[in-house]
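The lines below spell out each chain.
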Amino acid sequence: MKILFATSECSPYAKVGGLGDVIPSLAAALEQMGHDVRIVLPKYTSINYVSKCEVVGDPMIVNMGYGTEFAQLLRTKHGNIPIYFIEFNRYFDRHGIYGELGHGYHDNWERFAFFCRAAIDMCPFINWAPDIIHTNDWPTGIIPALLSLHSKPNILNGTKSIFTIHNMAHHGYASKDLLRFMGLYEHYWHPFAMEACGSVNVMKGALQFASKITTVSKTYAEEIKTAEYGCGLDDVLKYRAKDLVGICNGVDTDVWNPAIDKFLPKNFSAQSLGGKKICKQHLQRELGLANGLNIPIFGVISRFFHQKGLDILCNILPDVLKNMNVQFAVLGSGDQHLEWRLKDIMSRFGGQISVWIGFDEQLSHLIEAGSDFFVMPSRYEPCGLNQMYSMIYGSLPIVHATGGLIDTVDNYNELTGVGTGFIFNDLTDSALYNTIGWACATYHDRPEDFEKLRKSAMKKDFSWSKSAKEYERVYLAAIGKS
Ligand code: ADP
Ligand code: GLC
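Residues numbered from 1 in each chain as written. Chains lettered and ligands numbered in written order. Predicted model: local features only at pLDDT ≥ 70, side-chain atom pairs only at ≥ 80, totals over all residues. Heavy atoms only, no water.

Some details on the pattern of salt bridges
Link 1 in the chain: Using the criterion set out here, one finds 24 salt bridges in the structure.
Link 2 in the chain: The partner of E186 in a salt bridge is K176, and the shortest N-O contact between them spans 2.7 Å. Here the residue E186 occupies a position in the loop between α5 (177-182) and β11 (195-196), and K176 occupies one in the loop between β10 (173-174) and α5, the gap between them amounting to ten residues.
Link 3 in the chain: Assessed through its relative accessible area of 54%, E186 is described here as exposed.
Link 4 in the chain: On the basis of relative accessibility, which here comes to 34%, the residue K176 falls in the partly exposed class.
Link 5 in the chain: Each of the salt bridges in this network shares a partner with another, and the network as a whole consists of K212, R240, K242 and D243. (Salt bridge = Lys/Arg side-chain N within 4 Å of Asp/Glu carboxyl O. Helix = DSSP H or I, 4+ residues; strand = E, 2+ residues; numbered from the N terminus. Buried < 20%, exposed > 50% of the residue type's maximum accessible area, 1.4 Å probe, protein only.)

This is the structure in structure tokens:
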């Protein structure tokens, strides 16, 4: 099959969260299965690979509802995968991807609507007719509606769309002007199309028009059909239930593999854990934490966002640090209030907790490798990648029982000594405090169990091949060949 991934993030060019990791690794797994896979994303200013890019022809026409625009198409290769960039400076010559300093750009709907149309118009421009356009979250969520237009390029007459929900919480709202902007007719302004509560809801449109819908874990696929997790679109998802599939994300084991990770001072594996101690000592030194191989380190790497439940962690951190002999290594940025709270805790418990505000790829690898535990108290988590990375790196995850966290972590059973992490059911201060205490007690009082859990976690198979086969089945069903 010919498969075009349309995305707002793709590592190593543009990454804010897990979407950036998922796209290139899923694409590579599908390519290895023999498919012709390509990726298109906006050419943000932050992408400085331009020198390796070739310019594809003259500027191409982008058919907007109000008239034509011209965008430059650029092309490079990531492994065997062709990557196309849409260069259009009015919208993408900015420092951020979605915004700056914690604020989204006011014209995000215009920027990504334009990108969607450009991704469509790119296909005749490069004379390539994908069987599938695989769209991801609201920034590419107008593509399914555009493919439903009679006026789409002829080359796309047989093309089907897949919409993957990476996060139900961001819908992409726009005023009705979006329809005219995109050349979508008046009848798209309808509750059974894109209208919701007097606005255009891009995610809703994607859920209505996509040939098939996927989301990134089996549990989340069930959760989002409920009012609690559906963010107001649970009825649409129930209506489309037979076209909705949960497929768990995998891990790119070329990038996240402690045996070959170039960011680590020393590599290690389940068979040879010596390097992990060196990583722990290095982490303590780098972050100004007190020396001590016997003090368990709890890692946190996260966007600071309501979803991630770090406010709950902040509520209990002072007591944890006072009452338990533990250290915390925290990396992330986002909500300023959370940044301040964490910094304040660091100022009171120096040597025991380090808080690094920012985005730092190298440090994220070192924290996974040097920690003993990894904390993810997410309110909801469509899949989550960090808990998988942490298991592969021998840091046992402590997670709230939600979404992909349930599907990927096996709760420690004290009777059998089996498991790969610690799961708590209620997202409360006391549940999180007690679970951190449980992990800490396991570390100190049942070291054989701790080592057994660590080895089981490191041996878990999160490679993409199984999930890529599931996506292949969805694509075949979409084009009527299943
Ligand atoms: P989400 O996509 O909701 O943020 P995931 O767990 O799926 O959560 O993926 C997060 C990805 O972003 C991981 O690769 C993680 O290491 C990375 N990440 C998040 N915050 C930072 C940061 N401050 N510095 C480096 N990497 C980060
Ligand atoms: C989203 C979700 C996260 C998921 C990632 C990649 O950002 O919050 O749970 O792992 O997308 O699918």
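After that view, the rundown keeps rolling.
Here we look at helix α12 (residues 361-370)
Link 1 in the chain: α12 sits mainly inside the fold: eight of its ten residues count as buried.
Link 2 in the chain: All of the buried residues along α12 are L363, S364, H365, L366, I367, E368, A369 and G370.
Link 3 in the chain: Where α12 is buried, its residues contact α9 (274-287), β15 (297-304), β16 (327-334), β17 (353-357), β18 (373-376) and α13 (386-392).
Link 4 in the chain: Put simply, D360 is the residue that caps the front of α12, since its side-chain oxygen is 3.2 Å from the backbone nitrogen of Q362. (Contact = heavy atoms within 4.5 Å. Polar contact = N/O pair within 3.5 Å; in protein donor to acceptor, adjacent residues only side chain to side chain.)

Structural notes on the site of ligand 1
Link 1 in the chain: Lining the immediate environment of ligand 1, one finds 20 residues, of which G18, D21, R303, K308 and G358 sit closest.
Link 2 in the chain: G358 has a polar backbone atom sitting 2.7 Å from a nitrogen atom of ligand 1.
Link 3 in the chain: In this structure, N386 approaches ligand 1 through a side-chain N or O atom, which is 3.2 Å from an oxygen atom.
Link 4 in the chain: When isolated, ligand 1 has an accessible area of 560 Å², and the protein chains bury 93% of it.
Link 5 in the chain: Elements that contribute at least two residues to the shell around ligand 1 include exactly α1 (18-32), β15, β16 and α13.
Link 6 in the chain: Sort the elements by how many residues they give to the shell around ligand 1 and β15 lands first, with three residues. (Near = heavy atom within 4 Å. Areas by Shrake-Rupley, 256 points an atom, 1.4 Å probe, with all protein chains shown as cover.)

With respect to the sheet that holds strand β3 (residues 54-64)
Link 1 in the chain: Across the sheet, which stays open at both edges, the nine strands sit in the order β3-β4-β5-β2-β1-β8-β9-β13-β14 with mixed pairing between neighbours. The open sheet has two edge strands with one neighbour each: β3 and β14 (244-246). Between one strand axis and the next, the sheet turns by 25° as a mean value, whatever way the strands run.
Link 2 in the chain: Across four bridges, strand β2 (residues 36-42) lies against strand β5 (residues 81-87) in parallel orientation. Counted as the bridge partner of I39 is I83 from β5.
Link 3 in the chain: The strands that α1 touches are β1 (2-6), β2, β4 (67-78), β5 and β8 (132-136); relative to β2, the one it contacts most, it runs at about 160°.
Link 4 in the chain: Most of the contacts of helix α6 (residues 202-209) go to strand β9 (residues 160-165), to which it runs at about 130°, and overall it touches β9 and β13 (212-215). (Pairing = 2+ DSSP bridges. Axes fitted to C-alpha atoms, helices over the stretch in contact; angles between N-to-C directions.)

Some thoughts on the sheet that holds β11
Sheet strands associate in pairs through backbone hydrogen bonding, adopting either a parallel or an antiparallel arrangement.
Link 1 in the chain: In space, the three strands of this open sheet follow the order β10-β12-β11, with antiparallel pairing throughout. Two strands close off the open sheet at either side, each with one partner strand: β10 and β11.
Link 2 in the chain: Against the sheet, α6 engages β11 and β12 (199-201), with an angle of about 50° to β12.

Topic: the state of the cysteines
Link 1 in the chain: Summed over all chains, the structure comprises zero disulfides.
Link 2 in the chain: C231 forms no disulfide, and the closest cysteine sulfur to it belongs to C197, at a distance of 13 Å.
Link 3 in the chain: C314 provides the cysteine sulfur closest to C440, a residue in no disulfide bond, and the two sulfurs are 19 Å apart.
Link 4 in the chain: What makes C440 buried here is its relative accessible area of 8%. (Disulfide = S-S within 2.5 Å.)

Some points on the environment of L453
Link 1 in the chain: Tracing the backbone through its elements, the reader meets L453 in helix α16 (residues 447-458).
Link 2 in the chain: As a C-alpha pair, L453 and G421 span 32 residues in sequence and 7.2 Å in three-dimensional space.

Concerning the domain arrangement of the protein chain
Link 1 in the chain: Domains assigned within the protein chain are domain 1 (2-250 + 464-478) and domain 2 (274-458).
Link 2 in the chain: Computed over C-alpha atoms only, the centres of domain 1 and domain 2 are separated by 33 Å.
Link 3 in the chain: Between domain 1 and domain 2, the residue contacts involve 19 residues of the former and 18 residues of the latter.
Link 4 in the chain: Buried area between domain 1 and domain 2, summed over both chains or domains, comes out near 1400 Å², and the portion from carbon and sulfur atoms is 59%. (Domains from an automatic or database assignment. Buried area = accessible area lost by both parts, 1.4 Å probe.)

Comments concerning the pairing of β3
Link 1 in the chain: Pairing geometry for β3 and β4, over eight bridges, is antiparallel. The partner of V56 across the bridge, within β4, is L73.
Link 2 in the chain: Here β3 folds back onto β4, and the loop between the two strands holds two residues.

Concerning the pairing of β17
Within a regular strand, the side chains alternate between the two sheet faces.
Link 1 in the chain: As defined by bridge partners, β16 adjoins β17 across five bridges and the pair is classed as parallel. Note that in β17 the partner of A329 across the bridge is S354.
Link 2 in the chain: What joins β16 to β17 is helix α11 (residues 336-348), and the crossover it makes is right-handed. (Right-handed = clockwise from strand over helix to strand, strands pointing away.)

Some words on the nonpolar core
Link 1 in the chain: Counting 152 residues, the largest nonpolar core has F5, F114, L184, L313, F328, I398 and I436 as the members making the most contacts within it.
Link 2 in the chain: The element contributing the most residues to this core is helix α3 (residues 108-125), with eleven residues.
Link 3 in the chain: Looking at which domains feed residues into this core, each of domain 1 (2-250 + 464-478) and domain 2 (274-458) gives three or more.
Link 4 in the chain: For L313, the contacting residues outside a window of four places in its chain are V300, F328, V375, L432 and I436.
Link 5 in the chain: Grouped together as the second largest cluster of nonpolar side chains are 16 residues, F163, I165, L233 and Y380 included. (Core = buried A, V, L, I, M, F, W, Y, C linked by side-chain atoms within 4.5 Å.)

Considerations on the packing of α1 against helix α17 (residues 465-478)
Link 1 in the chain: Where α1 contacts α17, the two axes come as close as 9 Å, and the packing angle between them is 75°. Here α17 runs roughly perpendicular to α1, going by the angle between their axes. Facing α1, whose interface residues are L26, A29 and L30, α17 presents A468, Y471 and Y475. (Parallel < 35°, antiparallel > 145°, perpendicular 65-115°, else oblique.)

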